[in-house]
Amino acid sequence: MSPPSSLEKATPPNRNSRRTALTVTGTQLILLAFQALGIIYSDIGTSPLYVLNGIWPAADPPPSKEDVIGGISAIVWSITLLPLLKYVIFSLHFGTGEGEGGSFALFQGLYPREETDFDSDRTLTGDSYIKPTERPNKRKLRDSFRWPLLLWCLFGTSLTMADGILTPAISVTSAVGGIAVVKPETANDIIPISIAFVVALFLAQNIGTAKLGWTFSPAAFIWFLLLAGTGIANIVQFPGIWRAWDPSRAIMFFVRTGNFSALSGVLLAVTGCEAIFANLGQFNRSSIQLSFVGLVYPSLILAYLGQGARLVVDGDAAISNVFYNTIPGPTGGPLWWIVWIFGLLATLIASQAMITATFSLIQQVINLKSFPPLRMTYTSETIQGQVFIPAVNYTLMVLCIVFIAAFDSTAALTNAYGFAVATVMISTTTLMAIQTYYVKKWPIIFGVAFFLFFCFLDALFWGASLTKVPQGAWVPLMCGVIGVALMSLWTWGKSLEDGFDGQNRQNLRHFIFVDEKTENLKLDAEPSTLMEASEDLDEDDDAAYYITGAATPISYDKTGSPIKTELVRLQSCAVFHKLATGRGVPHTFVGFIRQWPALPRVIIFLSVNVLPTARVATEDKYQVNKVRSIQGFYGVTYCLGFRDKFDARVDEIIERILALEMMEPKCSHRILEQIRNAAKITTHIVPHYDVNSRRAHSGKLGAVMYWIRSFFLEELYKRLSVMFPETGNWLTKSDEIIHVGINATI
C-alpha cells in the first residue's frame, strides 16, 4: 500500500480548525470599544428612564429626603457590585475558548465539546479507537451532573432570550411616553408609535451588527454624555446626594420603610448586565471593559445621583415622570427635546443589545445541537460571532409587538421584565461558581465565597421580583419554560440520533468485497487478507462487488456458507453526507445499499469543517482520502469559512479526486474518464432517521415510561426534525437530494 499523498493530507494554509477569541490592541481596540457602545450598553444605559418611578410610582406621594438617599444608594451599589464587579470584572474571564459568553458558554466550559479529528473522519476502513487520555489529577465534574446543569443553563438561556422580547417593549415605550409630559393629548398614541419604531428596528437587523454598531455608537456616546452632564447639573442643586455612596444608607432605607418590594425597582437599574456577558462573542473582553469603565459606569452613577438630587428638591413636580421632569431647563425647551430625541435613539439601541445577544445565544445552541437548525447569516468578515438569524428576528418582532399591545402600561412591562433578569443572574452565578473550581482551578473556598456573596444579592432581587409573578412576571417565566422544553427535547433527541449513528458505523472492508471473476477472494477470509489481495488486482469493469454480513441479513446456502449479494456498479456519482463525524462509513450508506443494491462508480463521503475565517479559497476547500481496497470510494472534508454559503461543488471535488488518482502508479486514462463520466450524474444522499422508542422494561411502570418516552420521541421530536431538516441551508437543488429513511430504534 502506498503512503498517503500530499493531496490527501493537504490542509488549508494558515487555517486553524478551531475558532479563537478575538484579540485586538491599540487603535483597533478603541474603535471596537466605541462600537460596543452602540450594541451592548444601551439596555443598561436607558434604565434611568424608568428606574426611579419603578421604586416610587408616579401615583404615590414623593419620598422623603432620607428615603431618596437610601434608594439612590441601593442603585449605586447595585450597579457597582453586579454589572461592574460581577460581570465586567469577573464574568468576562469565563468565556469559551472561541470567545463566546452567556449561560450556555459557562456550561460548555464545564463540559467542553470533543475536538473533531477530520483526518480520522475521512478514514472509511479503520477499526481502531483511541480513548482520550486524561490529565493526571484533573478536576472533572461528574457526568451525572451534566443534565441538571444543562437544564439549568438552558433555562437561563431561555430567559435571556425572553429579555430580547421585553427589552424593546419596555425601553421604546418608556422613551415614547416622554411625549405625554409635553403633549398630554398624545398619551393614547404611545402604543402605536412604539410599535412603529420597534418594527423599523427589527427590519434593519439584516444589515449586520458591525454596521448597526457604527450607526448607533455615536448616538449612544452622546446619550451617555447627556446622562453625565445632566446628572452633574442636577447634583449641584443638592450636593448632599453624595451621601448615597454610604452603603448603610441603602440598608437603613429598607429597614426603616420595610418596603422590600422596592428591590424590584432597583433591579431595573441593572437590567442589561447579562447582555454584557452574552455579547462577548460579538466583541471581546478588553473592548467591553474599556467602554464600561471609561464611560458607561460613571455616566450612570452621575445620572442617578442627579435624579435623586432633583427628587429631593422638586419632589412634587418631579414624581410624575422623574427622568423627563428632572432634565435641566424648562420642560419642552431645547435641551429637553435634545434629551428626548437621544433617549428615543438610545432605547432603540437598547433593544439592539438584547437582540444581538439573542442571535449570539441561538448561534451557540445551534452549533451544540441544542436547537433546531436555522439559517444564519454571518454579517462580519472578521468576527465569527456576529450573525443575523432571520427566523429568530421576525419571531422576536411579532412577540414584541404583542407584548407592547397586551401590556398597555410601562408599569406592567417592568413587572414582567425584572423576574427574567433576576433569574438569569442566579443561573450565571451558579455556573460561574462551579467553574472557578473545575475549570479555573482556583481554590474551592473562592468558589464558595463567590457563590454565597453574589447569590445572596441575586436572591434578594429574585425574591422581590417573584411577588410580581401575578402582575406580569409570569410572561418571561412561561417563555423560559417553553424555551427550555424545546431545547431540552432537541438536545435529547439529537444525542440519541448521534449515539445511534456512532454505534452503527461500519468498516467498509467488512461488508463490501471485490471479486475479479475468480475464486481468489473467499467470503470467509479475514478482512485484512481480503484487502491485501484486492490491492494486488487491477480493478476494471470486470470486477464484481458483493455485500454480506453487516449490510444485509445473513442467509446461508446448502453448504452452510453465507450467500453473497451482488451489487451492480452504476456510472454515476453519489455524495453521502456525514452529519455526525466519526471513523467508518455512516449508517446512511448501509441503509442505501439495503434498499438499492447498487454501487455508483464514484462514492464520496462528505464531512463539513467550518473554519474560523470568513472565506476559504477554492483550492483549499476540499481534503480527500482515497480508499485503496475498493475502487471509487473517497473520504472528503469540505472546509468552508463562516461566511461561505454551503455549496459543495461536486465538480471541484472531482478535480481533487482526479489529481489524486493521477499520482497513483496504476492510474490509467480509462479510470480518469470513468470518474469524469460518472460525475455527470450526481446525487446527494442525506440520512433521515425515523426514530422509534426502544421498549422499556416490563411491568406497569415500564409501560408508563415507554408511553411517555414514545410520546416525546416519536410524536414531538420526530415532527420537529422533519420541519427543520439539516439540508435547509444548502444551496444544492432539492431534486438532487435523496433522503434515505433509516429506522432508528433508540
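The structure presented is a predicted model; accordingly, all values stated were derived computationally and were not measured.

**Considering the overall build of the chain**
Alright, step 1. Across its full length, the chain carries 27 helices and 10 strands.
Alright, step 2. A buried classification covers 56% of the 746 residues belonging to the chain.
Alright, step 3. Sequence separation of 24 or more characterises 83% of the internal contacts of the chain that already satisfy a separation of 6 or more.
Alright, step 4. In the form shown here, the chain has an accessible surface area of approximately 31400 Å², with 61% of it arising from carbon and sulfur atoms.

**Thoughts on the packing of aromatic side chains**
Alright, step 1. With the rule as written, the count across this model stands at 31 aromatic pairs.
Alright, step 2. Consider the rings of Trp-152 and Phe-155, whose centres lie 6.5 Å apart with planes at 35 degrees: the pair is tilted. Of the two residues, Trp-152 and Phe-155 are both situated in helix α8 (residues 146–176); the distance of 3 residues between them amounts to about one turn of the helix.
Alright, step 3. Given a relative accessible area of 29%, Trp-152 falls into the partly exposed group.
Alright, step 4. Pairwise contacts between aromatic rings join Phe-90, Phe-94, Trp-442, Phe-446, Phe-450, Phe-453 and Phe-454 into one cluster.
Alright, step 5. Lying over the aromatic face of Phe-94, Lys-440 brings its terminal NZ or CZ to 5.1 Å of the ring centre.

**Thoughts on a nonpolar patch on the surface**
Alright, step 1. On the surface, a cluster of nonpolar side chains totalling about 780 Å² of accessible area is made up of Leu-701, Val-704, Met-705, Trp-707, Ile-708, Phe-711, Phe-712 and Leu-716.
Alright, step 2. Residue position: Trp-707 is located in helix α27 (residues 700–723).

**Regarding the pattern of salt bridges**
Alright, step 1. The tally for this structure, following the rule as stated, stands at 12 salt bridges.
Alright, step 2. Here Glu-66 ties to Arg-249 by a salt bridge, and the two come within 2.7 Å at their closest N and O atoms. Of this pair, Glu-66 sits in helix α5 (residues 65–90) while Arg-249 sits in helix α12 (residues 247–257), placing them 183 residues apart in sequence.
Alright, step 3. With relative accessibility at 30%, the residue Glu-66 sits in the partly exposed group.
Alright, step 4. By relative accessible area, Arg-249 is classed as partly exposed at 23%.
Alright, step 5. In this structure, Lys-718 engages Asp-690 in a salt bridge whose closest nitrogen and oxygen atoms are separated by 2.9 Å. Remark: Asp-690 occurs in strand β9 (residues 682–692) and Lys-718 occurs in helix α27; sequence separation between them is 28 residues.
Alright, step 6. Residue class for Lys-718 comes out buried when judged on its relative accessible area of 19%.

**Focus: the packing of α8 against helix α22 (residues 474–503)**
Describing two packed helices takes the angle between their axes plus the distance from one axis to the other.
Alright, step 1. Contact geometry of α8 with α22 gives a least axis separation of 8 Å together with a crossing angle of 130 degrees. The angle between α8 and α22 falls in the class oblique. Judged by the twist between their axes, the crossing of α8 over α22 is right-handed. Residues Trp-147, Leu-150, Leu-151, Leu-154, Phe-155, Thr-157, Ser-158, Leu-159, Met-161, Ala-162 and Leu-166 of α8 pack against Pro-476, Leu-477, Cys-479, Gly-480, Val-481, Gly-483, Val-484, Met-487, Ser-488, Thr-491 and Trp-492 of α22.
Alright, step 2. Within the contact of α8 with α22, the residues separate by chemical class into 16 nonpolar, 6 polar and no charged.

**With respect to the confidence of the model for the chain**
Alright, step 1. Residues with a pLDDT of 70 or more make up 81% of the chain, whose mean pLDDT is 79.
Alright, step 2. Looking across the chain, the model is least confident in helix α1 (residues 6–9), with a mean pLDDT of 40, and most confident in α5, with 95.
Alright, step 3. Scored below 50 in pLDDT, residues 1–16 makes 40 contacts in the model with residues more than four places away or belonging to other chains.
Alright, step 4. Low pLDDT, under 50, characterises residues 127–137; the predicted model gives this stretch 5 contacts beyond four residues in sequence or across chains.

**Considering the pairing of strand β6 (residues 598–611)**
Alright, step 1. Counting buried positions along β6 yields 12 of 14 residues, so the element is predominantly enclosed.
Alright, step 2. Sheet analysis places strand β5 (residues 565–577) next to β6, joined by 8 bridges and oriented parallel. Paired with Arg-569 across the strands is Leu-599, a residue of β6.
Alright, step 3. Bridge count between β6 and strand β8 (residues 633–641): 9 bridges; the pairing is parallel.

**Some points on the side chain of Thr-429**
Alright, step 1. Relative to the helices and strands, Thr-429 is located in helix α20 (residues 410–438).
Alright, step 2. Among the residues examined, Thr-429 registers a relative accessible area of 0% and is labelled buried.
Alright, step 3. Within the structure, the side chain of Thr-429 is placed 3.0 Å from the backbone oxygen of Met-425, a separation counted as a polar contact.
Alright, step 4. Those residues in contact with Thr-429 that sit more than four places away from it in its chain are Lys-86, Phe-450, Phe-451, Phe-454, Cys-455 and Asp-458.

**Some details on the environment of Gln-435**
Alright, step 1. Along the chain, Gln-435 falls in helix α20.
Alright, step 2. When the C-alpha atoms of Gln-435 and Leu-110 are compared, they prove to be 6.5 Å apart, with 325 residues separating the residues in sequence.
Alright, step 3. When sequence neighbours within four positions are dropped, the list of residues in contact with Gln-435 reads Phe-94, Ala-105, Leu-106, Gly-109, Leu-110 and Lys-440.

**Regarding the nonpolar core**
Alright, step 1. Ranked by internal contacts, the top residues of the largest apolar core, which has 148 residues, are Tyr-41 and Ile-75.
Alright, step 2. Once residues lying within four places of it in the same chain are set aside, the contact partners of Ile-75 are Val-51, Leu-52, Ile-55, Val-266, Ala-269 and Tyr-304.
Alright, step 3. Counting residues in hydrophobic clusters, the runner-up holds 35 residues, among them Val-585, Phe-589, Ile-630 and Leu-713.

**Remarks on the packing of helix α10 (residues 190–203) against helix α19 (residues 390–406)**
Alright, step 1. Running from N to C, α10 and α19 point in directions that differ by 170 degrees, and their axes come no closer than 10 Å. Relative to α19, the element α10 lies roughly antiparallel. Only Asn-393, Tyr-394, Leu-396, Met-397, Cys-400, Ile-401, Ile-404 and Ala-405 of α19 make contact with α10, whose side of the interface consists of Ile-191, Ser-194, Ile-195, Val-198, Val-199, Phe-202 and Leu-203.
Alright, step 2. A per-class count over the contact of α10 with α19 returns 13 nonpolar, 2 polar and no charged.

Here is what the cut-offs are and how they apply
- Residues numbered from 1 in each chain as written.
- Predicted model: local features only at pLDDT ≥ 70, side-chain atom pairs only at ≥ 80, totals over all residues.
- Heavy atoms only, no water.
- Helix = DSSP H or I, 4+ residues; strand = E, 2+ residues; numbered from the N terminus.
- Buried < 20%, exposed > 50% of the residue type's maximum accessible area, 1.4 Å probe, protein only.
- Contact = heavy atoms within 4.5 Å.
- Areas by Shrake-Rupley, 256 points an atom, 1.4 Å probe, with all protein chains shown as cover.
- Phe/Tyr/Trp six-rings, centres within 6.5 Å; stacked < 30°, edge-to-face > 60°.
- Lys NZ or Arg CZ within 6 Å of the ring centre and 35° of its normal.
- Patch = residues over 30% accessible without salt bridge, like charges linked within 9 Å, V, L, I, M, F, W, Y side chains within 5 Å.
- Salt bridge = Lys/Arg side-chain N within 4 Å of Asp/Glu carboxyl O.
- Axes fitted to C-alpha atoms, helices over the stretch in contact; angles between N-to-C directions.
- Parallel < 35°, antiparallel > 145°, perpendicular 65-115°, else oblique.
- Left-handed = near helix turned anticlockwise from the far one by under 90°.
- Nonpolar A, V, L, I, M, F, W, Y, C, P; charged D, E, K, R; others polar.
- pLDDT = per-residue confidence, 0-100.
- Pairing = 2+ DSSP bridges.
- Polar contact = N/O pair within 3.5 Å; in protein donor to acceptor, adjacent residues only side chain to side chain.
- Core = buried A, V, L, I, M, F, W, Y, C linked by side-chain atoms within 4.5 Å.

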